[in-house]
Amino acid sequence: QELLDDMREALATGGMEMHYQPVVRTKDNMVVGFEALMRWEHPERGNVSPGVFIPAAEESDLINQLGEFALRRACEDALAWPETVRIAVNVSAKQFANKGFPAIVSQVLEDTGIAPDRVELELTETVFMGDVDVTDETFRILKGLGVRLALDDFGTGYSSLSYLRSAPFDKIKVDKSFVDTCTQKNENSAKIITAIIGLSKALGMDTTVEGVEAFDQFDLVTEKGAEYIQGWIYSKARPQADILEYIANGG
Ligand code: G
Ligand code: G
Ligand code: MN
Ligand code: NA
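- Taking an unreviewed UniProt entry as the reference, the chain is identified by name as Diguanylate phosphodiesterase belonging to Aurantiacibacter luteus.

Laid out in structure tokens, this is it:
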């Protein structure tokens, strides 16, 4: 409860920030987009991880306000980047299940004037645990708005392939847990990464491999056909000022 009050205050007073982690196209080493990740530096608690405060916000309506803030700020910041660079924003299943969600996306697109196809919403398969009619309708409206949809953390959870059969995803993000173990002998992770990349290609979707930290991991996943990589090997998430400086220095 106290955490929720602190979050509300932070949201109202500028304490919540968005940082951006690059997504790199392996064939030419170009930064093609950034994932927006929320950061909260609490005056007493210090840095609170979104892994802690997002689940807490999901227990109340606050997730809707946090989510709208994240989307709006990320789209505003992306307007200062080259037009070819996309912005990916995480959307909580709780937020997605809110009937008002598509209208908020539409409003943010209109207010900021960002090209809808520059905006990618990252969803996890937990969105499919919600009411089927609402979920279908939300997917339909979002596709109509022209935003891109990515299936995040793929391979964890239940990963039912039926979600891929019917939902209009543009991208699959291979979960970091596979990359963590992909260079170990006697591990199936490398084979699973290869299979997910193949599946994604067959369905006409892009694939981003997440959480690449080390050169041996990088070599392995590019050999397996990874087109896009996101991970500390390139950069952690950085504040907008750093992104602008990087762009000013020629990207
Ligand atoms: O950035 P990491 O840096 O620690 O993020 C931890 C978790 O919090 C991840 O699962 C990430 O998707 C989630 N997360 C980070 N920022 C946001 C956000 O703006 N919205 C939502 N819904 N989740 C976020
Ligand atoms: O759940 P989602 O995939 O949205 O969350 C992304 C999370 O992964 C964030 O917490 C982000 O900071 C983290 N992350 C991104 N790249 C790396 C990496 O190379 N190594 C580690 N350990 N974490 C990473
Ligand atoms: Mn994500
Ligand atoms: Na992920």
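**Digging into the site of ligand 1**
Now for step 1: As a structural note, the neighbourhood of ligand 1 is formed by Leu-37, Met-38, Ser-49, Pro-50, Gly-51, Ile-54, Gly-67, Ala-70, Asn-90, Val-91 and Ser-92.
Now for step 2: Residue contributions to the shell around ligand 1 peak at three residues, all from helix α2 (residues 50-58).
Now for step 3: Its residues assigned to classes, the shell around ligand 1 shows six nonpolar, five polar and no charged.

**A look at the nonpolar core**
It is characteristic of soluble globular proteins that their nonpolar side chains tend to be buried jointly.
Now for step 1: Formed by 58 residues in total, the largest nonpolar core has its most connected members in Ala-36, Ala-74, Ile-87, Val-89 and Val-221.
Now for step 2: Top contributing element to this core by residue count: helix α3 (residues 62-78), with eight residues.
Now for step 3: Beyond its immediate sequence surroundings of up to four residues, Ile-87 is in contact with Gly-33, Phe-34, Ala-36, Ala-74, Cys-75, Ala-78, Arg-118, Val-119 and Glu-120.

**Regarding the site of ligand 2**
Now for step 1: Taken together, 15 residues sit near ligand 2, with Asn-90, Gly-211, Glu-213, Gly-231 and Trp-232 positioned nearest.
Now for step 2: Taken together, the residues of the shell around ligand 2 break down into four nonpolar, five polar and six charged.

**Quick notes on the packing of α3 against helix α5 (residues 101-112)**
Now for step 1: Put simply, α3 and α5 touch, their axes get as near as 10 Å, and they point 25 degrees apart. In terms of orientation, α3 and α5 fall into the roughly parallel class. As for the relative orientation of α3 and α5, their crossing is right-handed in sense. Contacts between α3 and α5 involve Glu-68, Leu-71, Arg-72, Cys-75 and Glu-76 from the first element and Ile-104, Val-105, Val-108 and Thr-112 from the second.
Now for step 2: Residues belonging to the contact of α3 with α5 are distributed by class as follows: five nonpolar, one polar and three charged.

**Observations regarding α2**
Now for step 1: Where α2 is concerned, the buried positions are Phe-53, Ile-54 and Ala-57. All buried residues of α2 fall inside an arc of 100 degrees around its axis, so they share one side. In α2, those exposed residues whose orientation departs by more than 90 degrees from the buried face are Gly-51, Val-52 and Pro-55.
Now for step 2: Its buried side turned inward, α2 meets α1 (2-13), β2 (30-42), β3 (46-48) and α3.

Conventions and cut-offs
- Residues numbered from 1 in each chain as written.
- Chains lettered and ligands numbered in written order.
- Predicted model: local features only at pLDDT ≥ 70, side-chain atom pairs only at ≥ 80, totals over all residues.
- Near = placed C-beta within 6 Å.
- Helix = DSSP H or I, 4+ residues; strand = E, 2+ residues; numbered from the N terminus.
- Nonpolar A, V, L, I, M, F, W, Y, C, P; charged D, E, K, R; others polar.
- Core = buried A, V, L, I, M, F, W, Y, C linked by C-beta atoms within 7 Å.
- Buried ≥ 20, exposed ≤ 12 C-beta atoms within 10 Å, placed from the backbone.
- Contact = placed C-beta atoms within 7 Å.
- Axes fitted to C-alpha atoms, helices over the stretch in contact; angles between N-to-C directions.
- Parallel < 35°, antiparallel > 145°, perpendicular 65-115°, else oblique.
- Left-handed = near helix turned anticlockwise from the far one by under 90°.
- Arc of directions from axis to C-beta.

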